[in-house]
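Below, each chain spelled out in residue letters.
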Amino acid sequence: QVQLVESGGGLVQAGGSLRLSCAASGRTFSTVAMGWFRQAPGKEREFVAATTWSGGNTYYADSVKGRFTISRDNAKNTVYLQMNSLNAEDTAVYYCAARRTSSGSYYYPIGYDYWGQGTQVTVSS
């Protein structure tokens, strides 16, 4: 099993920044990549960004390209999501996820095996 704990969410004004963290523990060696998803009220969970633990590949949703940056610290088993130029549409619960295989799309929740409890991000306009 892999446990994921997110932190760093909060309330921020439009145009501001936040950095989310996701600390992984347990059988982290069984995972190959980490991702961030978000879910706004009444909407489906959507992909935000992903990275392989090797750092060789990163993926972003079009809606966050150029504003968000995913990074990882392998020594700490932690993945970060730096979010800049936030707007009201970024308001959601943000979830960290881990996957055990590199095959298949990184863009859908079904490809991930472990999930954190989520952290709320609220952007006031």
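Coordinates for the structure precede this section.
Values in this document were obtained by computation on a predicted structure and should not be read as measured data.

Chemist: Explanation requested: unusual backbone geometry in the structure shown.
Modeler: Both trends apply: most residues other than glycine have a negative phi, and most peptide bonds are in trans. At N77, a position not held by glycine, the phi torsion is positive, near 50°. Here N77 lies in the loop between strand 7 (68-73) and strand 8 (78-83). Classification of N77 by relative accessible area gives partly exposed; the value is 26%. One non-glycine residue with positive phi stands out, namely S85, at about 50°.

Chemist: Looking at this structure, I do not really get the nonpolar core. What am I missing?
Modeler: Nonpolar side chains in soluble globular proteins tend to end up buried together. Membership of the largest hydrophobic core comes to 36 residues, with the highest contact counts inside it found for L4, M34, W36, L81, M83 and Y94. Contributions of two or more residues to this core are made by strand 1 (2-7), strand 3 (18-26), strand 4 (33-39), strand 5 (46-52), strand 7, strand 8, strand 9 (92-99) and strand 11 (119-124). Counting residues per element, this core draws most heavily on strand 9, which supplies five residues. Discounting residues that sit within four places of it in the chain, M83 has contacts with G16, S17, L18, L20, R67, F68, Y94 and V121.

Chemist: What's the story with the environment of A98 in this structure? I'm lost.
Modeler: Summarising the element assignment, A98 is placed in strand 9. Along the primary structure A98 and L4 are separated by 94 residues, whereas in three dimensions their C-alpha atoms are 8.2 Å apart. Setting aside anything within four residues of it in sequence, one finds A98 in contact with L4, T31, A33, M34, Y112, D113 and Y114.

Chemist: Can you walk me through the packing of aromatic side chains in this structure?
Modeler: Centre distance and the angle of the planes are the two values used to describe a pair of aromatic rings. For the structure shown, the criterion picks out seven aromatic pairs. Considering the side-chain rings of F37 and Y112, the 5.0 Å spacing of their centres and the 80° angle between planes classify their relative orientation as edge-to-face. Residue F37 is located in strand 4, and its partner Y112 is located in the loop between strand 9 and strand 10 (114-115); the two are separated by 75 residues in the primary sequence. Y112 carries the same exposure label as F37, and that label is buried. Joined through ring pairs, the aromatic side chains of F37, F47, Y59, Y106, Y107, Y112 and W115 make up one cluster. The side chain of R45 reaches across the aromatic face of W115, ending 4.9 Å from its centre. A cation over a ring is seen here: R99 above Y112, with NZ or CZ 5.1 Å from the ring centre.

The rules we used
All residue numbers refer to position in the chain's written sequence, counted from 1. The predicted origin of the model limits local features to residues at a pLDDT of at least 70 and limits the giving and counting of side-chain atom pairs to 80 or more, whereas totals for whole chains, interfaces and linings rest on all residues. The basis for every side-chain value is the complete set of non-hydrogen atoms in the structure, without hydrogens or water. Strands here mean DSSP runs of E at least two residues long; helices mean DSSP runs of H or I at least four residues long; both are numbered from the N terminus. Partly exposed residues are those whose accessible area sits between 20% and 50% of the maximum for their type, while under 20% is buried and over 50% is exposed, using a 1.4 Å probe and protein chains only. The criterion is simple. A nonpolar core is a set of buried Ala, Val, Leu, Ile, Met, Phe, Trp, Tyr and Cys residues joined through side-chain atoms within 4.5 Å. Here, two residues are considered to be in contact whenever any of their heavy atoms come within 4.5 Å of each other. Only Phe, Tyr and Trp rings are paired, with Trp represented by its six-membered ring, and only when their centres lie within 6.5 Å; those with planes under 30 degrees apart are stacked, over 60 edge-to-face, the remainder tilted. Note on geometry: a ring has a charge over it if NZ (lysine) or CZ (arginine) is within 6 Å of the ring centre and within 35 degrees of the ring normal.

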